[in-house]
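Chain and residue survey
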Amino acid sequence: MDKLESVKARLCTWLSEDPDFILTKCGNMLLMNEFLEAQEQSNALEKMEVLLSTIITKGDDTCHSFLDILEENQAHYQQLKQLFNPAPQKSAAPTAHADSCSVVTMREITDVQSETLNVEIKMEMDPRSWKTGTAVGPVLQRDYTALNGSVICADKISGVNIDVLNLSVSVKSVNTGRQDTATPSVDETLPSHQGPAAKMIISNKLRLIDCLSADPSFILQNVQQKNIVSNRQYGNLKDLSQREETVIKLIDLVIRKGEKACSLFLEVLKQLDILETYPNLNKIKW
């Protein structure tokens, strides 16, 4: 049971590739109403969340039986191999060498669930200490060698469930105060509140909260359909008990996702069915 709890989020994602297959395989360990509850969920990820929650509540014996089923059918879900055949560990940790002007990072980030993950490297150095040309003298042989003001990021990120990864490198010159920043981002559209769409949403946030709180479920379904929010985010928002809280968190999430998400959200708000459901939106000057 503990093992299933620890990998539940990953399993839900992996098994959602074909939810009906694993539901059928688990038919003998589910009551009819339990099977139907999972089967009737609106999307694959929610089906698997209900299935895993049901299996876990049934105790250790059922959890062991479920793991046996997963092991027998791991060929059907390629990522399940990570659960039963983890990659072998290296016999020794990688080695690194950095001169006085350089940085090597080798952090391990595992099993993280978050909307945003910031992985930053910040350095302060005097450019007068940088060396140019060929290094003089022997250079130590290492797996990673950083010289002459360079940065090597050898961080290992695995088993994470996130929406936005911000990987940035910042180098500050201590004698001039000038800062040069290079940002090799995994998502080229990192969250920004400077675009016109984001500003429009922020300036009308209170009005939007008042309008959309009348029926949060309808706007949630529309933003999910347009892929403005992920299935996991949709589920988290749908589970909130207070209407106003749901809308506030939805708007904040859209703003954090950046200008593209904000533009899509504004397009949704201008749809005819949305304006019919929330007539007070017509009073907002876009």
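Everything numeric here is computed off the predicted structure, so don't read it as measured data.

It is worth spelling out the overall build of the protein chain at this point. Broken down by element type, the protein chain carries 13 helices and nine strands. Per-residue burial over the protein chain gives 36% buried out of 286 residues. Sequence-distant contacts in the protein chain: of pairs separated by 6 or more residues, those separated by 24 or more amount to 72%. Working note: accessible area of the protein chain is about 16,800 Å², and carbon and sulfur atoms make up 49% of it.

Relative orientation of the contacting elements helix α7 (residues 196-203) and helix α12 (residues 259-269) amounts to 60°, with a least axis distance of 7 Å. The pairing of α7 with α12 is recorded here as oblique in orientation. Every pair of crossing elements has a handedness; the one defined by α7 and α12 is left-handed. Taken together, the residues of α12 that come into contact with α7 (itself represented by Pro196, Ala197, Ala198, Met200 and Ile201) are Glu259, Cys262, Ser263, Phe265 and Leu266. Residue composition of the contact of α7 with α12, grouped by class: eight nonpolar, one polar and one charged.

A cluster of like negative charges, contributed by Asp2, Glu5, Asp60 and Asp61, occupies part of the molecular surface. Put simply, the parts of the chain that give the negative patch at least two residues each are α1 (2-15) and α5 (60-72). Summarising the element assignment, Asp2 is placed in helix α1.

Turning next to the packing of aromatic side chains. For any pair of aromatic rings, the description consists of the separation of the ring centres together with the inter-plane angle of the planes. On inspection of all chains with the given rule, the structure shows two aromatic pairs. Relative to Tyr278, the ring of Phe218 has its centre 6.4 Å away and its plane inclined at 45°; by these criteria the two rings are tilted. Taken as a pair, Phe218 in helix α9 (residues 216-225) and Tyr278 in the segment after α13 (272-277) lie far apart in primary sequence, 60 residues in all. We classify Tyr278 as buried; its relative accessible area is 2%.

Moving on, we get to the packing of helix α4 (residues 44-57) against α5. Contact geometry of α4 with α5 gives a least axis separation of 6 Å together with a crossing angle of 135°. Comparing their axes, α5 and α4 come out oblique. In this structure, α4 uses Leu51, Leu52, Ile55 and Ile56 to contact α5, whose residues at the interface are Thr62, Cys63 and Phe66. Within the contact of α4 with α5, the residues separate by chemical class into six nonpolar, one polar and no charged.

This part covers unusual backbone geometry. At Asn227, a residue that is not glycine, the phi angle is positive and equals roughly 60°. If you trace the backbone, Asn227 turns up in the loop between α9 and α10 (231-238). Taking the relative accessible area as the measure of exposure, Asn227 reaches 67% and is therefore exposed.

Here the focus is the environment of Gly195. Looking at the element boundaries, Gly195 is found in the loop between β9 (179-182) and α7. You can call Gly195 buried: its relative accessible area is 12%.

If you trace the backbone, Ser213 turns up in the loop between α8 (205-212) and α9. At 2.5 Å, the side chain of Ser213 and the backbone oxygen of Ile209 are in polar contact. Residues in contact with Ser213, not counting those within four places in the same chain, are Leu208, Arg243, Glu244 and Val247.

Our focus in this paragraph is α8. Residues of α8 that are buried include every one of Leu208, Ile209, Cys211 and Leu212, and no others. The buried residues of α8 all sit within an arc of 170° when viewed along its axis, so they share a single face. For α8, the exposed residues set more than 90 degrees away from the buried face come down to Leu206 and Asp210. Check the buried side of α8 and you find it contacts α7, α9, α11 (243-257) and α12.

Moving on, we get to the environment of Leu52. Topologically, Leu52 is positioned in helix α4. C-alpha separation for the pair Leu52 and Ala9, spaced 43 residues apart in sequence, amounts to 9.3 Å. Once residues lying within four places of it in the same chain are set aside, the contact partners of Leu52 are Leu4, Lys8, Leu11, Cys12, Leu15 and Phe66.

The next thing to look at is the nonpolar core. The biggest cluster of nonpolar side chains holds 30 residues, and the ones touching the most others in it are Ile201, Ile219, Leu250, Phe265 and Leu281. For this core, the secondary-structure elements that each account for two or more residues are α7, α8, α9, α10, α11 and α12. If we ignore the near neighbours within four places in the chain, the residues touching Leu281 are Leu208, Cys211, Leu212, Leu269, Ile274, Leu275 and Trp286. Core analysis: the next-biggest nonpolar cluster, separate from the first, contains 28 residues, Leu52, Phe66, Leu80 and Phe84 among them.

Parameters at a glance
- Residues numbered from 1 in each chain as written.
- Predicted model: local features only at pLDDT ≥ 70, side-chain atom pairs only at ≥ 80, totals over all residues.
- Heavy atoms only, no water.
- Helix = DSSP H or I, 4+ residues; strand = E, 2+ residues; numbered from the N terminus.
- Buried < 20%, exposed > 50% of the residue type's maximum accessible area, 1.4 Å probe, protein only.
- Contact = heavy atoms within 4.5 Å.
- Areas by Shrake-Rupley, 256 points an atom, 1.4 Å probe, with all protein chains shown as cover.
- Axes fitted to C-alpha atoms, helices over the stretch in contact; angles between N-to-C directions.
- Parallel < 35°, antiparallel > 145°, perpendicular 65-115°, else oblique.
- Left-handed = near helix turned anticlockwise from the far one by under 90°.
- Nonpolar A, V, L, I, M, F, W, Y, C, P; charged D, E, K, R; others polar.
- Patch = residues over 30% accessible without salt bridge, like charges linked within 9 Å, V, L, I, M, F, W, Y side chains within 5 Å.
- Salt bridge = Lys/Arg side-chain N within 4 Å of Asp/Glu carboxyl O.
- Lys, Arg positive; Asp, Glu negative; His and termini not counted.
- Charge placed at Lys NZ, Arg CZ, Asp CG, Glu CD.
- Phe/Tyr/Trp six-rings, centres within 6.5 Å; stacked < 30°, edge-to-face > 60°.
- Polar contact = N/O pair within 3.5 Å; in protein donor to acceptor, adjacent residues only side chain to side chain.
- Arc of directions from axis to C-beta.
- Core = buried A, V, L, I, M, F, W, Y, C linked by side-chain atoms within 4.5 Å.

Any functional reading would require information beyond the geometric quantities listed.
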